Each structure stands twice: as C-alpha cells, then as structure tokens.
Amino acid sequence: IFTIMLGLPVVLLSPTYDSQNPFRGFNWSVITLAFNNACGGLLVALIVKYGDNIIKGFSNALSTVLATILSVPLFGFTTGPSFVVGVFLVIWSSLVYGKIIKFAGEWWNSELKTSWLQAPKISDKCNSDSDVNGLPLQELESGSKENGANE
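Residues numbered from 1 in each chain as written. Predicted model: local features only at pLDDT ≥ 70, side-chain atom pairs only at ≥ 80, totals over all residues. Heavy atoms only, no water.

Student: Residues and numbers for helix α4 (residues 81-97), please.
Tutor: Taking 1.5 Å as the rise per residue, α4 with 17 residues should run 24 Å; its terminal C-alpha atoms sit 24 Å apart, in good agreement. Against the buried residues of α4 lie α3 (53-75). Phi for Lys99, located one or two positions after α4, is positive at around 60°. (Helix = DSSP H or I, 4+ residues; strand = E, 2+ residues; numbered from the N terminus. Expected span 1.5 Å × (residues − 1). Contact = heavy atoms within 4.5 Å.)

Spelled out as structure tokens, the structure:
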C-alpha cells in the first residue's frame, strides 16, 4: 500500500504514461518476473514466520550458490576454487544442520539437555539444608541481631 501511494502519483504525472493502455510494455517475461518476485516474497514470509535465523542464513547461502551456478551457463560467469570450497561448506553445513549427515558418537546426534548459558533450576541446586546459592544453611539463634530481634 505504501508503494502504491508513492508510485501512483509519479506514474500519473509522467508525460509518457498512456492512460488508454496502462500495461504497455508488459510482456510475458515481465509478468513472469513479477510472479517470481511475488512467490519469493511469500516464501520469505513463510521462513520468517515458521523458521529461525539459522534457517534464514542457510536459505540465503543456498540461494547465492544456486544463482551463481545458474549464472555460469546463462551469463558466462566464471568461478574459482574458493567458490567450490564455499559451495562444499554451504552444502555440508546444511546437511549436518538438517541431520541428514550424522557423525559417530552420541554427543553429535543428541540434543543438549541444558545449555551452559542457562541458569540451573533451583530445585536441582538446592535441598532442604542449603540456600538458593547452594550454600549450607546455618541456624540462627532466636534472639540474635542477625535475626532482627532487639534485646
């Protein structure tokens, strides 16, 4: 809507605008390109809604690889050895992240129970004779100053 509000006055005030044929110059390649961009926008919206940032990064990397591979026969684009290494790394990391390729050993193929960034649960850390920090509790005398009682 915002683009229509900005673009419509420019089109209507343009001296080359043909009011009898507003779609002048639209051929099948332009319509296909517009449809392709619309589908791409919907796919991006789906990834943003249902995916996470890692999937977005992998989709960007894979689209760059695919566009470069298609550019070689279509436009004569040349690549080097670093591109081949990059393609290998992108595909390999995508397959590992998608758990299509699994490594030997339990650690690689299992989900972490808790992260080292997460604080431990109080119930795991404390029992009846320790405080919130896991330190042993010391009983205070009922009339002491630490208890807040004045004599």
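That covers the picture; the talk isn't over yet.
Student: Quick one: what's the story with a nonpolar patch on the surface, residue by residue and with numbers?
Tutor: A cluster of nonpolar side chains, contributed by Ile4, Leu8, Val11, Leu12, Leu13 and Tyr17, occupies part of the molecular surface with about 590 Å² of accessible area. Along the chain, Leu13 falls in helix α1 (residues 2-13). When its relative accessible area of 73% is taken as the criterion, Leu13 is described as exposed. (Patch = residues over 30% accessible without salt bridge, like charges linked within 9 Å, V, L, I, M, F, W, Y side chains within 5 Å. Areas by Shrake-Rupley, 256 points an atom, 1.4 Å probe, with all protein chains shown as cover. Salt bridge = Lys/Arg side-chain N within 4 Å of Asp/Glu carboxyl O. Buried < 20%, exposed > 50% of the residue type's maximum accessible area, 1.4 Å probe, protein only.)

Student: Residues and numbers for unusual backbone geometry, please.
Tutor: The phi dihedral of Lys99 is positive, around 60°, even though this residue is not glycine. Position of Lys99 among the secondary structure elements: in the loop between α4 and α5 (122-125).

Student: Describe the packing of α3 against α4, with residues and values.
Tutor: The geometry of α3 relative to α4 is characterised by a closest axis approach of 10 Å and an angle of 145° between their N-to-C directions. For the element pair α3 and α4, the recorded crossing hand is left-handed. In this structure, α3 uses Ile54, Ile55, Phe58, Ala61, Leu62, Val65, Thr68 and Ile69 to contact α4, whose residues at the interface are Phe83, Val87, Val90, Ile91, Ser93, Ser94 and Tyr97. When its residues are assigned to classes, the contact of α3 with α4 shows twelve nonpolar, three polar and no charged. (Axes fitted to C-alpha atoms, helices over the stretch in contact; angles between N-to-C directions. Left-handed = near helix turned anticlockwise from the far one by under 90°. Nonpolar A, V, L, I, M, F, W, Y, C, P; charged D, E, K, R; others polar.)

Student: Please give an account of the side chain of Thr68 that cites residues and values.
Tutor: Within the secondary structure, Thr68 sits in helix α3. Among the polar contacts made by the side chain of Thr68, one reaches the main-chain carbonyl oxygen of Thr64 at a distance of 2.8 Å. Discounting residues that sit within four places of it in the chain, Thr68 has contacts with Phe77, Thr79 and Phe83. (Polar contact = N/O pair within 3.5 Å; in protein donor to acceptor, adjacent residues only side chain to side chain.)

Student: Explain the side chain of Ser94 residue by residue, including any values.
Tutor: Within the fold, Ser94 resides in helix α4. Take Ser94: its relative accessible area is 17%, and that puts it in the buried class. A polar contact of 2.8 Å, which involves the side chain of Ser94, links it to the backbone oxygen of Val90. Not counting residues within four places of it along the chain, the set of residues in contact with Ser94 comprises Phe58 and Leu62.

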